[in-house]
Amino acid sequence: MTTIHDPWPPLPLAPWQDTLETLHLWTQIVGKIRLALAPWTNHSWHVTLLPSARGLTTGLMHHPRGAFEIEFDFCRHRLLVVTATGEDRSFALEPMSVAAFYQTLMETLEALGLSVTIWPSPVELPDPILLFPEDRLHAAYHPEAVERYWQAMLSVHRVFTVFRARFGGKVSPVHFFWGAFDLAVTRFSGRTAPTHPGGAPHCADWVMEEAYSHELSSAGFWPGTGLGEAAFYSYAYPEPPGFKTAQVGPEAATYHPALGEFVLPYEAVRTAADPDATLLSFLQSTYEAAAELAHWDRTSLEYTALPTATR
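Residues numbered from 1 in each chain as written. Predicted model: local features only at pLDDT ≥ 70, side-chain atom pairs only at ≥ 80, totals over all residues. Heavy atoms only, no water.

## Some points on the domain arrangement of the protein
Per the domain assignment, the segments making up the protein are domain 1 (16-134) and domain 2 (143-298). Look at where the C-alpha atoms of domain 1 and domain 2 centre, and you get two points 25 Å apart. Carbon and sulfur atoms make up 72% of the surface buried where domain 1 meets domain 2, a total of about 3,000 Å² over both sides. Contact with domain 2 buries surface across domain 1, with H43, W45 and E124 losing the most and accounting together for 23% of the total. At the junction of domain 1 and domain 2, the tally comes to zero salt bridges. On the surface where domain 1 and domain 2 come into contact, there are 14 residue pairs in polar contact (both at pLDDT 80 or more). Within the residue set of the side of domain 1 that touches domain 2, elements represented by two or more residues are helix 1 (17-37), strand 1 (50-51) and strand 2 (55-57). Considering only residue class, the side of domain 1 that touches domain 2 consists of 19 nonpolar, 12 polar and four charged. (Domains from an automatic or database assignment. Buried area = accessible area lost by both parts, 1.4 Å probe. Salt bridge = Lys/Arg side-chain N within 4 Å of Asp/Glu carboxyl O. Polar contact = N/O pair within 3.5 Å; in protein donor to acceptor, adjacent residues only side chain to side chain. Helix = DSSP H or I, 4+ residues; strand = E, 2+ residues; numbered from the N terminus. Nonpolar A, V, L, I, M, F, W, Y, C, P; charged D, E, K, R; others polar.)

Written out as structure tokens, the structure reads:
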């Protein structure tokens, strides 16, 4: 059971980098199963994993042999496969190679009559890359480190959900992209965007072109991927003139020229007097910079007041 109860726990990268790299690849295997079974949804929203009460889930998937769900349970440290017929299988999340995880999961699905074929290569990661069935290099799993990450993501999800609710236009779910191992939420202006140049490692350019087909402002959370430390990011596509020099909050937020994004260290949020308000100020101010400079129709896209449930 989970033993970490700090809603904003420390997340130093070095003690769990090997676990993060292994877990990243495990989530790609599970994510590719969802990709194989789900109908295409705009901006690749059909491939993402979703935060759950215990970890990350595929949500309900439909197989020719029946419906099922796969969940990473970071409280009990198990990988769960649950079917709509009431069957379930699980195995321990513990130190094991990517190859062993892949084999165990595929054998579990086969035993349930839910065999799935996926493209067994990681995406959005630089060379050299081993295929999942061949990767015996990544094999770390530190339960306490994963619990710290999960507690942090619960808090991030809470704040991202509040931020998402303020927008009346097209907006993504708060969802987990296993390609870059980030939790993200994206707002759209409603206008089309220039063709994206692509270039993501081991990811077809057309995927990136479709993902960025419309003008957007996106924010997310990396636990260590991307910057070498846990951090939040916010960017606009296409980036409007003046965005990189816009005044945003809080004070610890800076524009990262190489990434083309504003970044805010997780540590600055964690140690703030009010972490939720600090993160919200980053999300709101970076979005406003993007929307103002790109001349979004903010009056029609944003809620000025939301109804409050009375019972």
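Moving on from the model shown.
## Brief notes about the packing of aromatic side chains
Scanning all chains against the criterion turns up 27 aromatic pairs. Between F221 and F232, the aromatic rings sit 5.1 Å apart at their centres with planes inclined by 35°, giving tilted as the arrangement. One end of the pair, F221, is in strand 9 (residues 214-222); the other, F232, is in strand 10 (residues 231-237), and 11 residues separate them in sequence. You can call F232 buried: its relative accessible area is 0%. When the ring of Y255 is compared with that of F262, the centres are 5.3 Å apart and the planes differ by 80°; the resulting orientation is edge-to-face. For the pair formed by Y255 and F262, the shared burial category is buried. Note that K170 overlies the ring of F188, its terminal NZ or CZ placed 5.0 Å from the centroid. (Phe/Tyr/Trp six-rings, centres within 6.5 Å; stacked < 30°, edge-to-face > 60°. Buried < 20%, exposed > 50% of the residue type's maximum accessible area, 1.4 Å probe, protein only. Lys NZ or Arg CZ within 6 Å of the ring centre and 35° of its normal.)

## Considerations on unusual backbone geometry
Note on backbone geometry: most residues besides glycine have negative phi, and most peptide bonds are trans. The step from Y237 to P238 runs through a cis peptide bond, and the omega angle for that step is -10°. With respect to the helices and strands, the residue P238 is situated in the loop between strand 10 and strand 11 (254-256). A cis amide bond links G249 with the next residue in sequence, P250, at an omega value of -5°. For P250, the position within the fold is in the loop between strand 10 and strand 11. Residue H77 is not a glycine yet carries a positive backbone phi of 60°. Note on H77: relative accessible area 10%, which makes it buried. With a phi close to 60°, E124 is a non-glycine residue in the positive phi region. Residue placement: E124 occurs in the loop between helix 2 (98-111) and helix 3 (143-165). On the basis of relative accessibility, which here comes to 32%, the residue E124 falls in the partly exposed class.

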